[in-house]
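# Inside the fold
So you can see what is in the structure, the chains are spelled out below.
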Amino acid sequence: MKLYLPSTFALLFIPRLVSGESLQEAIIKDMMPERSPLCNPTPGATSSDFTFASSQEESKWFDGYAESYEKYNAPWSNLEHHVFNAKMMHTDSNNDRKWTIRLGKGGNIYSMVGPMGETVAPQKRIDSPWIDEVWHSVGVEPPQPEEPFMIHGAGSYQSDQTYTSDVGVPLTEVPFYSPSLGKYCNDSDGECGFAAWAQHGPVPVYWKSDMLNFNRYVDCGDGVIEHTAVSHNNMGSEKNLMRLDAPFGSVRFSTFRDVVISDQTSEILFKNHELGRFDTAPEKVAASDTLGYAIFAEDLPSPVTGPYPLKAGVSMKIHNVGCRNAPTYVSPYPAVMCRLEPTEPDSEGTRVAVTFRGTPPTFSAPCSDNDATNCIDAVKFMKYGSNNYCRAFGSGGDVMCRLNHVFLNNFRKHSGTGQGIKFETASGLSFSASNGITYWSFESNGVYSMIFTPRSGVDPTLTEIDLMITDNPNEEWNISLLSSPDVGGDVAARNGVINWVLHIQETGAQWIIFNPDEVEGESDLGRYVARKYPPGTSLEVLYHEGKPEEENLALAHVYGNSFPDTDGLTPGFPLLQVGNANEGFMPRDANIYNIVTTASKNSGGGSHVYRQYFVMDRFTNISEKAANLVSQVYQQNYNVNNDADATPTGRLVHLYKQGNNIGATIGDTPCYGAEIPFPYPTDDAGNTIILQSRGGAGVHSVTDRLGK
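Residues numbered from 1 in each chain as written. Predicted model: local features only at pLDDT ≥ 70, side-chain atom pairs only at ≥ 80, totals over all residues. Heavy atoms only, no water.

## Some details on the state of the cysteines
As a reminder of what qualifies: Cysteine sulfur atoms are paired as a disulfide whenever they come within 2.5 Å of each other. Three exposure classes are used, based on accessible area relative to the maximum for each residue type with a 1.4 Å probe and protein chains only: buried under 20%, partly exposed in between, and exposed over 50%.
What the rule picks out here adds up to five disulfides. With its sulfur 2.0 Å from that of its partner, C185 forms a disulfide with C192. One disulfide, between C185 and C192, carries an S-S torsion of 115° and so falls in the right-handed class. C192 sits in the buried class, given a relative accessible area of 1%. The partner cysteine of C390 in its disulfide is C401, sulfur to sulfur 2.0 Å.

## Description of the nonpolar core
This is how the line gets drawn: We call a set of buried residues a nonpolar core when its members are Ala, Val, Leu, Ile, Met, Phe, Trp, Tyr or Cys and they connect through side-chain atoms within 4.5 Å of each other.
The biggest cluster of nonpolar side chains holds 69 residues, and the ones touching the most others in it are I101, V558, L576 and Y593. By size, the runner-up hydrophobic cluster in this structure holds 26 residues, among which are Y308, V314, C338 and L539.

## A short note on the environment of N515
We count it as follows: Put simply, DSSP H or I for four residues or longer makes a helix, DSSP E for two residues or longer makes a strand, and each gets a number counted from the N terminus. Here a residue-residue contact requires only that any non-hydrogen atoms of the pair lie within 4.5 Å. Pairs of N or O atoms within 3.5 Å make up the polar contacts considered here, provided that, within protein, one atom can donate a hydrogen while the other can accept it, and that residues adjacent in sequence are counted only when both atoms are side-chain atoms.
Relative to the helices and strands, N515 is located in the loop between β37 (510–514) and α6 (525–532). In this structure the C-alpha to C-alpha distance between N515 and A493, which are 22 residues apart in sequence, comes to 5.5 Å. Contact partners of N515, with chain neighbours within four places excluded, come to S331, Y333, P334, A335, A492, A493, R494, N495, G496 and I498. At 3.2 Å, the side chain of N515 and the backbone oxygen of P334 are in polar contact.

## Some remarks on the sheet that holds strand β35 (residues 489–493)
Rules: Paired strands, as defined in this entry, are two strands with at least two bridges between them according to DSSP. Between N-to-C directions, angles cover 0 to 180 degrees, with each direction set by a line fitted to C-alpha atoms, over the stretch in contact for helices.
Within the open sheet, the three strands sit side by side as β35-β24-β38. Their pairing is antiparallel. Sheet topology places β35 and β38 (538–543) at the edges, where each strand pairs with a single neighbour. Ignoring which end each strand starts from, the neighbouring axes of this sheet average 25° apart. As defined by bridge partners, strand β24 (residues 354–359) adjoins β38 across six bridges and the pair is classed as antiparallel. Along β38, the bridge assignment pairs R357 with E540.

## Brief notes about unusual backbone geometry
Here A246 and P247 are connected by a cis peptide whose omega angle stands at 5°. Of note, P247 is situated in strand β16 (residues 243–252). Omega for the bond connecting F573 with P574 falls within 30 degrees of zero, at 0°, which places this linkage in the cis form. Mapped onto the elements, P574 comes out in the loop between β39 (553–558) and β40 (575–580). Although it is not a glycine, N410 adopts a positive phi angle of roughly 55°. For N410, the location among the structural elements is in the loop between β29 (398–402) and β30 (421–424). The backbone of N445 sits at a positive phi, close to 55°, despite the residue not being glycine.

See below:
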């Protein structure tokens, strides 16, 4: 039996070729155009693996919402093995150009890790981990459809848009990823290829998808990945895959805060606040009106610097109540609220990235609650009975030390300070309370105690403080502000400010609420900000400056800008769309990116081919690399029913069967009588099906009736 490739096929039951190349590999390769002559893999730089290992440690996927735990009873990261298909890696003497991509069952990229970390969104959409916010091809409804559809290369959502019980994917445990039809990796050639049956996404339909996706990834060296995607509409399909998102992708906002697109002559930087929502106001520009590439960068220099213009009359001075974590309902991101000294009333916040710069206050000695003239700048301690000077207060790590009330003239102060405090004797002994003082002098039944919370690893422990006082029972301990690099200085808020001034009517309190950046080693941002900005701190607000260009790592996507020889391409396409997905109640830590193209020949038997590039490097190197690859982008549409001359020429396949064994060769390679066992299904007559193809006259099954 002889078949020519490429063939329009429904299912593959695939033997291994006698030459060692699988029939899967042969079919995928024959569906692809040639590589670019600029794509030359470096020997030994590429490695691949089909064995699953969790990427959670480096990728930090989102754990999932409460709804996810109810459905899956586990973090989403525990589901990764269901989507995993292969891993491909590039090593390089330049760390800026190393990368690892993980490919899903649909042959699409679901993880792309570079020197800056994971670049794909953390999957914060409910019920679609590694289904939506990944790099894949999407077939979308044509204009004025009789029945709308959206075919996702990665797989199906776990619920459809109508939540109707008889429509959608009936799975309740794991997502339904597009079934893999074939794959191969050849490290010596620096490439991997995949075939998959793309599935319906969120739009409910009653008909099966006829979209087959082929993806090839080639390690071109120097941080460049050549990605070729072929979207094929099966022969006999009644639907026209006229619009394709090729690709639809996402980048992790917390990794890449800035997007650079272009007009025909120059690059244009979009900072976070300048990028509209993807679902309502994305940036749109025809590829032909650009330089042919887009860049995602970590944190480029802001074009605007210096003081941020606050509303007239708004002042930023921290009230004695200080700073704390804001309630979780205030913001989906970790938020901090600081009470302000009385200022102008309500003032809404901003999405602009800002930096707060704090100037610490000078120390004001505390004065007694009942005698404003009784103020202290030193304390003495006495024992609780015959035991110790200091003891634990409650179970939260607080410490209470008994004060000598005679020395302090019965000083009582049922409040404290958020400022870090230092206690020091004339002889040089000292201890600190860097988290501040909860109560300067709390009186209970005639016993006066100072209460504070030592900061673990910074301040002495309860035992150490008690021993220090015990060994020096008559010392006076002078009080001063703790001089610490933690106090004052800068706090970045690149996610912006929720409220400059929020006025709580019931109490009269006024608060600033903002989203501080995460700080390495700090698990409690509220306490961190409270320590940096104690009561009395004056805040200056500045535009966030970003990092110098040479310190920015970046990812470029090269989609091309000139397609004069592409058949079936609608004028004005491809179209670039990019927008943020970081607003609303459930921001997804993602910027969404989409290249929309058209394929008017993609009725049944039609194929759309698009060869593009990813580039991983330092920002200062990446524009030149991307520009050099624009001319290598290739896009074409053809249909096996109408474009016999334009259809790629495949190789001849020979199938051999002997007994229960089967073999196959490509081209002129002889069989040599090899016997390769393989389990096969049967047709209605009980004949073993060894390969099935679909042509213009219907389905053709190759069975054991053909003999050798």
